[in-house]
Amino acid sequence: MPGHPFGCVASDHPRVDRRTLVRAGGLSLISAGMSDLLRLEAQAATAARPARAKAVVFVWANGGPSQHETWDPKPDAPAEVRGEYGPIATRVGGLRICEYLPKLAERADKYAVVRTMHHTADRQFRNEHSAAQYMVNTGTCELPPGENTSTIAQPRPGRFEWPSIGSMIAYAAPPAPAAGLPAVV
(Lines give C-alpha, C1' and ligand atoms only; values in the text may rest on other atoms or scores of the structure.)
Protein backbone atom coordinates (compact mmCIF):
# COMPACT_ATOMS: atom_id res chain seq x y z
CA MET A 1 0.00 0.00 0.00
CA PRO A 2 1.71 3.26 -1.04
CA GLY A 3 2.64 5.52 1.83
CA HIS A 4 2.09 2.82 4.44
CA PRO A 5 5.36 1.05 5.32
CA PHE A 6 4.88 -2.57 6.29
CA GLY A 7 1.16 -2.36 5.56
CA CYS A 8 0.55 -0.33 8.72
CA VAL A 9 -2.47 1.95 8.58
CA ALA A 10 -2.55 4.89 11.01
CA SER A 11 -6.28 4.45 11.65
CA ASP A 12 -5.55 1.01 13.14
CA HIS A 13 -3.77 2.61 16.08
CA PRO A 14 -5.55 4.64 18.75
CA ARG A 15 -4.35 8.19 19.30
CA VAL A 16 -2.80 8.69 22.73
CA ASP A 17 -2.22 12.21 23.96
CA ARG A 18 0.73 13.29 26.10
CA ARG A 19 -1.39 13.74 29.23
CA THR A 20 -2.57 10.12 29.03
CA LEU A 21 0.99 8.90 28.66
CA VAL A 22 2.17 10.91 31.66
CA ARG A 23 -0.71 9.62 33.77
CA ALA A 24 0.21 6.05 32.91
CA GLY A 25 3.88 6.59 33.66
CA GLY A 26 4.58 6.76 29.96
CA LEU A 27 7.54 9.10 30.15
CA SER A 28 9.66 6.56 32.00
CA LEU A 29 8.52 3.81 29.67
CA ILE A 30 9.26 5.87 26.58
CA SER A 31 12.72 6.90 27.75
CA ALA A 32 13.64 3.33 28.69
CA GLY A 33 12.27 2.05 25.39
CA MET A 34 14.05 4.77 23.40
CA SER A 35 17.45 3.88 24.84
CA ASP A 36 16.85 0.21 24.01
CA LEU A 37 15.72 1.13 20.51
CA LEU A 38 18.80 3.26 19.87
CA ARG A 39 21.10 0.52 21.22
CA LEU A 40 19.46 -2.13 19.01
CA GLU A 41 19.63 0.11 15.94
CA ALA A 42 23.36 0.69 16.56
CA GLN A 43 23.94 -3.04 16.91
CA ALA A 44 21.97 -3.76 13.75
CA ALA A 45 23.95 -1.19 11.78
CA THR A 46 27.27 -2.86 12.67
CA ALA A 47 26.12 -6.49 12.56
CA ALA A 48 26.82 -8.63 9.52
CA ARG A 49 23.75 -9.58 7.52
CA PRO A 50 22.65 -13.10 8.36
CA ALA A 51 22.62 -15.77 5.69
CA ARG A 52 19.45 -16.02 3.64
CA ALA A 53 17.21 -19.00 4.21
CA LYS A 54 17.60 -21.85 1.74
CA ALA A 55 14.22 -23.35 2.55
CA VAL A 56 10.98 -22.51 4.30
CA VAL A 57 8.91 -24.99 6.27
CA PHE A 58 5.48 -23.49 6.81
CA VAL A 59 3.70 -25.54 9.49
CA TRP A 60 -0.04 -25.08 9.47
CA ALA A 61 -1.58 -27.21 12.19
CA ASN A 62 -5.24 -26.62 11.40
CA GLY A 63 -7.13 -28.07 14.34
CA GLY A 64 -3.84 -28.96 16.02
CA PRO A 65 -2.55 -27.81 19.38
CA SER A 66 -2.68 -24.09 20.05
CA GLN A 67 0.36 -21.83 20.26
CA HIS A 68 0.16 -22.00 24.06
CA GLU A 69 0.72 -25.76 23.93
CA THR A 70 3.59 -25.54 21.44
CA TRP A 71 5.59 -22.42 20.55
CA ASP A 72 4.37 -19.81 23.04
CA PRO A 73 3.61 -21.44 26.41
CA LYS A 74 3.43 -18.13 28.39
CA PRO A 75 4.49 -19.76 31.70
CA ASP A 76 4.29 -16.47 33.61
CA ALA A 77 0.72 -15.70 32.50
CA PRO A 78 -2.38 -16.46 34.59
CA ALA A 79 -3.55 -20.10 34.54
CA GLU A 80 -6.46 -19.35 32.18
CA VAL A 81 -4.02 -17.95 29.56
CA ARG A 82 -0.86 -20.06 29.75
CA GLY A 83 -0.45 -23.45 28.18
CA GLU A 84 -1.22 -26.67 29.95
CA TYR A 85 2.30 -28.05 29.54
CA GLY A 86 5.53 -26.77 31.00
CA PRO A 87 8.09 -24.78 29.00
CA ILE A 88 11.67 -25.77 28.29
CA ALA A 89 14.61 -23.60 27.31
CA THR A 90 15.94 -23.71 23.76
CA ARG A 91 19.29 -22.94 22.19
CA VAL A 92 18.02 -19.40 21.62
CA GLY A 93 18.19 -17.22 24.70
CA GLY A 94 14.75 -16.18 25.92
CA LEU A 95 12.87 -18.62 23.68
CA ARG A 96 10.98 -21.32 25.55
CA ILE A 97 8.74 -23.89 23.92
CA CYS A 98 6.60 -26.82 25.07
CA GLU A 99 8.30 -29.47 27.18
CA TYR A 100 7.15 -32.12 24.68
CA LEU A 101 9.26 -30.61 21.87
CA PRO A 102 12.81 -31.28 23.14
CA LYS A 103 14.33 -32.03 19.73
CA LEU A 104 12.96 -28.77 18.35
CA ALA A 105 14.35 -26.97 21.41
CA GLU A 106 17.81 -28.33 20.54
CA ARG A 107 17.51 -26.94 17.00
CA ALA A 108 15.93 -23.57 17.83
CA ASP A 109 18.88 -21.71 16.31
CA LYS A 110 17.91 -23.20 12.94
CA TYR A 111 14.37 -21.80 12.68
CA ALA A 112 12.27 -18.74 13.44
CA VAL A 113 9.00 -18.63 15.32
CA VAL A 114 6.62 -15.99 13.97
CA ARG A 115 4.34 -14.95 16.81
CA THR A 116 2.70 -11.88 15.34
CA MET A 117 1.63 -10.63 11.96
CA HIS A 118 -0.12 -7.61 10.50
CA HIS A 119 -2.37 -7.35 7.49
CA THR A 120 -4.24 -4.58 5.76
CA ALA A 121 -7.59 -6.35 5.43
CA ASP A 122 -10.78 -4.61 6.50
CA ARG A 123 -11.60 -4.61 10.19
CA GLN A 124 -14.51 -7.03 9.65
CA PHE A 125 -11.99 -9.82 8.98
CA ARG A 126 -9.93 -9.36 12.13
CA ASN A 127 -10.26 -11.86 14.95
CA GLU A 128 -12.24 -14.21 12.73
CA HIS A 129 -10.47 -17.53 12.27
CA SER A 130 -11.86 -18.79 8.97
CA ALA A 131 -11.17 -15.56 7.08
CA ALA A 132 -7.75 -15.20 8.74
CA GLN A 133 -6.80 -18.77 7.76
CA TYR A 134 -7.78 -18.05 4.17
CA MET A 135 -5.70 -14.88 4.15
CA VAL A 136 -2.59 -16.46 5.70
CA ASN A 137 -2.69 -19.49 3.40
CA THR A 138 -3.36 -17.58 0.19
CA GLY A 139 -1.48 -14.34 0.78
CA THR A 140 -4.46 -12.19 -0.18
CA CYS A 141 -6.22 -9.71 2.10
CA GLU A 142 -9.57 -10.05 0.37
CA LEU A 143 -12.08 -12.85 0.40
CA PRO A 144 -13.30 -14.09 -2.99
CA PRO A 145 -16.30 -12.25 -4.46
CA GLY A 146 -19.53 -13.34 -2.82
CA GLU A 147 -17.79 -14.80 0.25
CA ASN A 148 -17.95 -13.60 3.83
CA THR A 149 -16.55 -14.75 7.16
CA SER A 150 -19.39 -17.26 7.54
CA THR A 151 -19.15 -18.86 4.11
CA ILE A 152 -15.40 -18.99 3.44
CA ALA A 153 -14.87 -22.18 5.47
CA GLN A 154 -17.65 -24.05 3.62
CA PRO A 155 -16.77 -25.94 0.42
CA ARG A 156 -18.59 -24.60 -2.59
CA PRO A 157 -18.39 -25.88 -6.17
CA GLY A 158 -17.13 -23.33 -8.68
CA ARG A 159 -15.47 -21.05 -6.13
CA PHE A 160 -12.30 -19.47 -7.42
CA GLU A 161 -9.55 -20.37 -4.97
CA TRP A 162 -6.26 -18.54 -4.75
CA PRO A 163 -3.31 -20.92 -4.79
CA SER A 164 -1.70 -21.67 -1.45
CA ILE A 165 1.42 -19.80 -0.37
CA GLY A 166 3.45 -23.01 -0.84
CA SER A 167 2.24 -23.42 -4.41
CA MET A 168 3.15 -19.83 -5.26
CA ILE A 169 6.66 -20.21 -3.82
CA ALA A 170 7.18 -23.53 -5.62
CA TYR A 171 6.15 -21.87 -8.88
CA ALA A 172 8.35 -18.80 -8.39
CA ALA A 173 11.41 -20.64 -7.03
CA PRO A 174 11.21 -24.33 -7.93
CA PRO A 175 13.66 -26.65 -6.17
CA ALA A 176 16.68 -28.01 -7.97
CA PRO A 177 15.96 -31.37 -9.66
CA ALA A 178 18.74 -32.96 -7.58
CA ALA A 179 16.90 -32.08 -4.34
CA GLY A 180 14.84 -35.25 -4.65
CA LEU A 181 12.00 -33.71 -2.65
CA PRO A 182 8.70 -32.25 -3.75
CA ALA A 183 8.49 -28.46 -3.68
CA VAL A 184 5.38 -28.48 -1.49
CA VAL A 185 3.71 -31.16 0.59
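Residues numbered from 1 in each chain as written. Predicted model: local features only at pLDDT ≥ 70, side-chain atom pairs only at ≥ 80, totals over all residues. Heavy atoms only, no water.

Along the backbone of the chain there are five helices and two strands. Looking at the chain as a whole, 16% of its 185 residues qualify as buried. Expressed as a percentage of contacts within the chain between residues at least 6 apart in sequence, the contacts between residues at least 24 apart total 29%. Carbon and sulfur atoms provide 59% of the accessible area of the chain, an area that totals close to 14800 Å². (Helix = DSSP H or I, 4+ residues; strand = E, 2+ residues; numbered from the N terminus. Buried < 20%, exposed > 50% of the residue type's maximum accessible area, 1.4 Å probe, protein only. Contact = heavy atoms within 4.5 Å. Areas by Shrake-Rupley, 256 points an atom, 1.4 Å probe, with all protein chains shown as cover.)

The next subject is the packing of aromatic side chains. Under the defined criterion, the tally for this structure stands at two aromatic pairs. Centroid distance tryptophan 71 to tyrosine 111: 5.7 Å. Interplanar angle 75 degrees. Geometry classified as edge-to-face. Here tryptophan 71 is found in the loop between helix H2 (26–46) and strand E1 (87–89), whereas its partner tyrosine 111 is found in the loop between helix H3 (102–106) and helix H4 (129–138), with 40 residues between them in sequence. For the ring pair tyrosine 85 and tyrosine 100, a centre distance of 5.1 Å and an interplane angle of 90 degrees mean the geometry is edge-to-face. Separated by 15 residues along the polypeptide, tyrosine 85 in the loop between H2 and E1 and tyrosine 100 in the loop between strand E2 (96–98) and H3 bring together distant segments of the chain. Judged by its relative accessible area of 32%, tyrosine 85 is partly exposed. (Phe/Tyr/Trp six-rings, centres within 6.5 Å; stacked < 30°, edge-to-face > 60°.)

The next point concerns H4. Ala131, Tyr134, Met135, Asn137 and Thr138 are the residues of H4 that are buried. Positioned one or two residues after H4, glycine 139 has a phi angle of 80 degrees, which is positive.

Phi is positive for lysine 74, close to 50 degrees, though the residue is something other than glycine. Note that lysine 74 resides in the loop between H2 and E1.

This part takes up the pattern of salt bridges. For the structure shown, the criterion picks out three salt bridges. Between aspartate 76 and arginine 96 there is a salt bridge; the shortest N-O distance is 3.5 Å. Residue aspartate 76 is located in the loop between H2 and E1, and its partner arginine 96 is located in strand E2; the two are separated by 20 residues in the primary sequence. When its relative accessible area of 69% is taken as the criterion, aspartate 76 is described as exposed. Judged by relative accessible area, which is 35%, arginine 96 ranks as partly exposed. (Salt bridge = Lys/Arg side-chain N within 4 Å of Asp/Glu carboxyl O.)

A contiguous nonpolar surface patch, about 330 Å² in accessible area, is contributed by Val56, Phe58 and Trp60. In this fold, valine 56 is placed in the loop between H2 and E1. (Patch = residues over 30% accessible without salt bridge, like charges linked within 9 Å, V, L, I, M, F, W, Y side chains within 5 Å.)

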